[in-house]
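# Residue-level structural notes
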Protein chains: 4
Amino acid sequence: MKKKLYKIVSNETNRSKSNLIFYFFIMTLILLNLAAMIFETTSNRSIIFNQFLEIFELTSIVIFTIEYLIRIYVSEYTHPTSSKIKSAVIFIFSGFGIIDLLSILPFYLPLFITMDLRFLRILRFIRFFRILKIGRYDKSIHLIGNVIRDKKSELIMTGFISLIIILISSFIMYYVEHPHQPDKFSSILDSFWWAIATLTTVGYGDIYPVTGIGRFISGVIAIIGIGLIALPTGIISSGFIDEIRIKNKDKKCPHCGKDLI
Amino acid sequence: MKKKLYKIVSNETNRSKSNLIFYFFIMTLILLNLAAMIFETTSNRSIIFNQFLEIFELTSIVIFTIEYLIRIYVSEYTHPTSSKIKSAVIFIFSGFGIIDLLSILPFYLPLFITMDLRFLRILRFIRFFRILKIGRYDKSIHLIGNVIRDKKSELIMTGFISLIIILISSFIMYYVEHPHQPDKFSSILDSFWWAIATLTTVGYGDIYPVTGIGRFISGVIAIIGIGLIALPTGIISSGFIDEIRIKNKDKKCPHCGKDLI
Amino acid sequence: MKKKLYKIVSNETNRSKSNLIFYFFIMTLILLNLAAMIFETTSNRSIIFNQFLEIFELTSIVIFTIEYLIRIYVSEYTHPTSSKIKSAVIFIFSGFGIIDLLSILPFYLPLFITMDLRFLRILRFIRFFRILKIGRYDKSIHLIGNVIRDKKSELIMTGFISLIIILISSFIMYYVEHPHQPDKFSSILDSFWWAIATLTTVGYGDIYPVTGIGRFISGVIAIIGIGLIALPTGIISSGFIDEIRIKNKDKKCPHCGKDLI
Amino acid sequence: MKKKLYKIVSNETNRSKSNLIFYFFIMTLILLNLAAMIFETTSNRSIIFNQFLEIFELTSIVIFTIEYLIRIYVSEYTHPTSSKIKSAVIFIFSGFGIIDLLSILPFYLPLFITMDLRFLRILRFIRFFRILKIGRYDKSIHLIGNVIRDKKSELIMTGFISLIIILISSFIMYYVEHPHQPDKFSSILDSFWWAIATLTTVGYGDIYPVTGIGRFISGVIAIIGIGLIALPTGIISSGFIDEIRIKNKDKKCPHCGKDLI
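Criteria and cut-off values
- Residues numbered from 1 in each chain as written.
- Chains lettered and ligands numbered in written order.
- Predicted model: local features only at pLDDT ≥ 70, side-chain atom pairs only at ≥ 80, totals over all residues.
- Heavy atoms only, no water.
- Helix = DSSP H or I, 4+ residues; strand = E, 2+ residues; numbered from the N terminus.
- Buried < 20%, exposed > 50% of the residue type's maximum accessible area, 1.4 Å probe, protein only.
- Contact = heavy atoms within 4.5 Å.
- Salt bridge = Lys/Arg side-chain N within 4 Å of Asp/Glu carboxyl O.
- Core = buried A, V, L, I, M, F, W, Y, C linked by side-chain atoms within 4.5 Å.
- Patch = residues over 30% accessible without salt bridge, like charges linked within 9 Å, V, L, I, M, F, W, Y side chains within 5 Å.
- Areas by Shrake-Rupley, 256 points an atom, 1.4 Å probe, with all protein chains shown as cover.
- Lys, Arg positive; Asp, Glu negative; His and termini not counted.
- Axes fitted to C-alpha atoms, helices over the stretch in contact; angles between N-to-C directions.
- Left-handed = near helix turned anticlockwise from the far one by under 90°.
- Nonpolar A, V, L, I, M, F, W, Y, C, P; charged D, E, K, R; others polar.
- Expected span 1.5 Å × (residues − 1).
- Phe/Tyr/Trp six-rings, centres within 6.5 Å; stacked < 30°, edge-to-face > 60°.
- Lys NZ or Arg CZ within 6 Å of the ring centre and 35° of its normal.
- Parallel < 35°, antiparallel > 145°, perpendicular 65-115°, else oblique.
- pLDDT = per-residue confidence, 0-100.

## Some words on the overall build of chain A
- Each helix and strand counted, chain A has 11 helices and zero strands in total.
- Every one of the 261 residues in chain A was classed for burial, and the buried ones make up 49%.
- Taking the contacts inside chain A whose residues are at least 6 apart along the sequence as the reference set, 60% of them involve residues at least 24 apart.

Written out as structure tokens, the structure reads:
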């Protein structure tokens, strides 16, 4: 019976029918929980809808708690060690173990603490990462991860260059625009906010320069911003091409068996 | 005579003169219909212009209906089967058959139903996809399609990562900004709207954070947004380079000179 | 003496000193003319400054006219043919010949016509393209041109896909947002303007959806917009890599003389 | 003792423990100085916080001055020449020597000059570039620098094309929008500001066209803007791929097995 339970909750690649049903049931529940959390923040809700939300949430927590307890129970299969307790401990402190605990904890905490911990319910959403175990996307996320890891230092360097540009332009912009717009560019923090919005080309339009020199600097920053979009893109492009080359590296000619570059 | 009609309406690559004239006539009519639909929504139109639009639309529908009937009539050539009726049915339920029907249907429906179905006329525009049959662009659309298909799982994964980032930041932003801007960040749905506008670097400027922490998160999201532009771009770049490599694959082994696959 | 004049105004790669001086003098004059045109539109100008601008412009036109006449005069060297008149005609109707004429024409036209043709002075700016003849940038512009030419049909197809997406979303958005914002989304033309601003991620913030469904569509469009930035970038990236490969194609092994792929 | 001091302040790759402590101490001090400069511009500061900032700044300057003097003192090791004075002079006029001097100079200048030179304190931030000496990022910055250098003329050409597009569209937009929005498009300088905000897809929303033709031009510019993001990205992508190819150049000829260049 324990083995049966394990087969239902396991995350292996070739899934049985009962396992797939369980998997999609949990995923749907997570998504519905997410929707519930979103709708809870909207106004103009009827009392019945509110009650429905409360009952739904309570039910979800019960289900998630049972699932968590089952996962501890079958941990000797998912994390095989010499003793059952050791397996349970390893599961509890594993990545998914912590995620599962964090997703139900915010509900139980108010029983002990009187703080408003509703925002902690966002943790429940973390469970959604379980979806990544879907199998055929494993390879894609692995590839994307590889590329980012390979190019980490170049990407960090691009980020560092961006930061320096943002900092310098924030400082200059503050001294240029503060005398003309003391309410908008009230401190370098505001100027910093402007610099990020400009360099990332978001441009909300809440803060923008009005002086000639300020606009000139802003234009230069925006153009540099395009360059700073081009840099990581170029780095990542070459990373993906590298990955393909590496994958093809162990190919040999089918006729003579020699390496193909 | 039936064969003649077929030659006029067919979409083959090497077109005859009459076929080309017919093709450009229909395309022009579609474009003019599109323009008419746009102008219908503008205000300050004279009565004569309105009458002209009505007559033009009536004429178009008549022409499109005739074209549709002709296409059914000649379907034994475009979709050759054992019987004429079978061919007609196959055409009616083929991609272009459905498109052609949908583009004239919205006109005939009000004869039976009393609802306002004017917005359905947008379906008429779908016909414009026939332009893709222009021949020499077939190859390009095929190439773009191939690249997107090859890299589908990586692109979906990028989209999924984006969605998670949007969701998490929406939740955080709501709890950070709602107390300060209850009218702007009135619910997580609003927050969600802000997150998309920021991550895609559109930045309309209708909703933006005003608190220090909110701005900090917004900046982080915007910078991640640049990364999320870089990822699909890099993926697609490597896809196009792959396609070229595959195309060149009829190369020979540099060692023994034999064909590779 | 004619040959001397030719050597001064010619656009050859290895320039003499007098030729370089002439070249930079003309370029500076074009830039100053540009600056003058910009300053003419600013308000709060003193009378002296106005007079200075007028005199400067008059002088420029005289110099540009003389240059144009010299170029006609020496056309037998720049465009060698059997007769002098033929050479002059060929120069006058050559690309740079037309540019040079267009840049001085707007000044002489008001002597015959009474219309306000001041905006035609923008044509004078076209002369700036002469800067492209600077030599060492010839190769770069040639490379960029080659890449765009090679990938023309893919880029046009991307543009066409964008257009279809813009059109469809304009239509949908009009029917969704018009009832809620009749002043903003007053016609499909307004909706079209919104779609372009969103798809290109500019997002001025003058028009944006306020309804739930409108925001949802807007989000989808903005995300597609990122894809439509990724597509041309990927195409152009592969184009530049192709160019390098083509350039390297005629390389042979220095030892055995065989082709290196 | 001098040698010991040198070992502490040196920027070599394999750092001793004392050297690392010194390095991170200085870096932290620079960062704290930066934070202090930002907080100085915020309003609502208590008197105690102000006094704290003043004392902190004084202490920083003293430490930076001592560091600078030490670096001059040990210059015979960092810049070994025939005489000590020559070494000191070489250090003072080296890149980092000037940076270090500029970062403390703004504090000493007011002792001689009565101008408000507070904005010069931004120079202190330049020191942050020392962080680039962290070693393992040297390679990344070298790679990024190489790519940009290799593709310099293509990137400049892209910038030049952008400038021409910005200029031409500014001129056209001024003549189109000025009559309808004389306060927004008051001169070509305003129009220029609009063109940059549009082409870089920042779109603050302070200036935007309202006429039909203006919007049409704006849309065209925004679409061209996407192309101008695609161009440098493609150029940089191919640059990074080139770099990898160059790095792999110690390959052998597939025919004769000899080294290629």
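Structure's up, so let's keep going.
## Considering the pattern of salt bridges
All names here are of chain A.
- For the structure on display, the rule yields 22 salt bridges over all chains.
- Between arginine 71 and aspartate 100 there is a salt bridge, and its shortest N-O distance comes to 3.6 Å. With a gap of 29 residues between them, arginine 71 in helix H3 (residues 47-73) and aspartate 100 in helix H6 (residues 95-108) connect regions that are remote in the sequence.
- For arginine 71, a relative accessible area of 7% gives the class buried.

## Here's the deal with the nonpolar core
- With 109 residues, the main nonpolar core has A:Trp194, A:Phe240, B:Trp194, B:Phe240, C:Trp194 and D:Trp194 as its most contacted residues.
- Apart from the residues within four sequence positions on either side, B:Phe240 is in contact with B:Leu143, B:Ile144, B:Val147, C:Leu231, C:Gly234, C:Ile235 and C:Ser238.

## A word on a nonpolar patch on the surface
- A contiguous nonpolar patch, built from A:Ile85, A:Val89, A:Phe93 and A:Ile98 and spanning about 430 Å² of accessible area, is present on the exposed surface.
- Here A:Ile85 lies in helix H5 (residues 84-92).

## Some points on the side chain of A:Glu154
- With respect to the helices, strands and loops of the structure, A:Glu154 is situated in helix H9 (residues 152-177).
- Of the side chains with opposite charge, A:Lys151 lies nearest to the buried A:Glu154, which makes no salt bridge, at 5.0 Å.
- Not counting residues within four places of it along the chain, the set of residues in contact with A:Glu154 comprises A:Ile235, D:Ser140, D:Leu143 and D:Ile144.

## Thoughts on the packing of helix H3 (residues 47-73) of chain D against helix H6 (residues 95-108) of chain D
All names here are of chain D.
- Where H3 meets H6, the axes come as close as 10 Å, and the angle between the chain directions of the two elements is 145°. In this structure, the crossing between H3 and H6 has a hand that is left-handed. Touching Leu58, Ile61, Phe64, Thr65, Tyr68 and Arg71 of H3 are Gly97, Asp100, Leu101, Ser103, Ile104, Phe107 and Tyr108, all from H6.
- Here the residues of the contact of H3 with H6 are counted per class, giving eight nonpolar, three polar and two charged.

## A closer look at unusual backbone geometry
Residue and element names in this part refer to chain A.
- For threonine 201, which is not a glycine, the phi torsion comes out positive at approximately 60°.
- Relative to the helices and strands, threonine 201 is located in the loop between helix H10 (188-199) and helix H11 (212-248).
- By relative accessible area, threonine 201 is classed as buried at 2%.

## What about the environment of C:Met37?
- Assignment of secondary structure puts C:Met37 in helix H2 (residues 17-40).
- Separated by 16 residues in the primary sequence, C:Met37 and C:Leu53 have C-alpha atoms spaced 8.8 Å apart.

## Comments concerning the side chain of A:Ser237
- Within the secondary structure, A:Ser237 sits in helix H11.
- Contacts of A:Ser237, omitting those with residues within four sequence positions, involve B:Thr233, B:Gly234, B:Ser237 and D:Ser237.

## Focus: H10(A)
Residues and elements named next belong to chain A.
- If you check H10, its first and last C-alpha atoms are 16 Å apart, about what 12 residues at 1.5 Å a residue would give, namely 16 Å.
- Summarising burial for H10: 10 of the 12 residues are buried, a large majority.
- Buried within H10 are the following residues: Ile188, Asp190, Ser191, Trp193, Trp194, Ala195, Ile196, Ala197, Thr198 and Leu199.
- Within two residues after H10, threonine 201 carries a phi angle of roughly 60°, on the positive side.

## Details of the packing of aromatic side chains
- Going through the model one piece at a time under the given rule, you end up with 35 aromatic pairs over all chains.
- Ring geometry for D:Phe39 versus D:Phe49: centroids 6.2 Å apart, planes at 85°, classification edge-to-face. With D:Phe39 in helix H2 (residues 17-40) and D:Phe49 in helix H3, the pair connects residues that are 10 residues apart, well separated along the chain.
- Ring centres of D:Tyr174 and D:Tyr175 lie 5.2 Å apart, and the angle between their planes is 75°; this geometry places the pair in the edge-to-face category.
- Members of the aromatic cluster, joined through ring pairs, are A:Phe39, A:Phe49, A:Phe52 and A:Phe56.
- One residue, C:Lys2, lies across the ring of C:Tyr73, its end atom 4.7 Å from the ring centre.

## Things to note about the packing of H3(D) against helix H5 (residues 84-92) of chain D
All names here are of chain D.
- Direction vectors running N to C along H3 and H5 enclose 135°, while the axes themselves pass 8 Å from each other. The pairing of H3 with H5 is recorded here as oblique in orientation. On the side of H3, the interface is formed by Tyr68, Arg71 and Ile72, while H5 contributes Ala88, Phe91 and Ile92.
- Across the contact of H3 with H5, the residue classes break down as five nonpolar, no polar and one charged.

## Comments concerning the confidence of the model for chain A
Residue and element names in this part refer to chain A.
- Residues at a pLDDT of 70 or more form 83% of chain A, whose mean pLDDT is 81.
- Averaged pLDDT values for the elements of chain A fall to 66 in helix H7 (residues 122-126) and rise to 90 in H10.
- Across the interface, the model reports ipTM at 0.79; the global pTM reads 0.82.

## Digging into the environment of A:Gly225
Residue and element names in this part refer to chain A.
- Considering the arrangement of structural elements, one finds glycine 225 in helix H11.
- Classification of glycine 225 by relative accessible area gives buried; the value is 0%.
- Between the C-alpha atoms of glycine 225 and serine 140, which are 85 residues apart in sequence, the distance is 29 Å.

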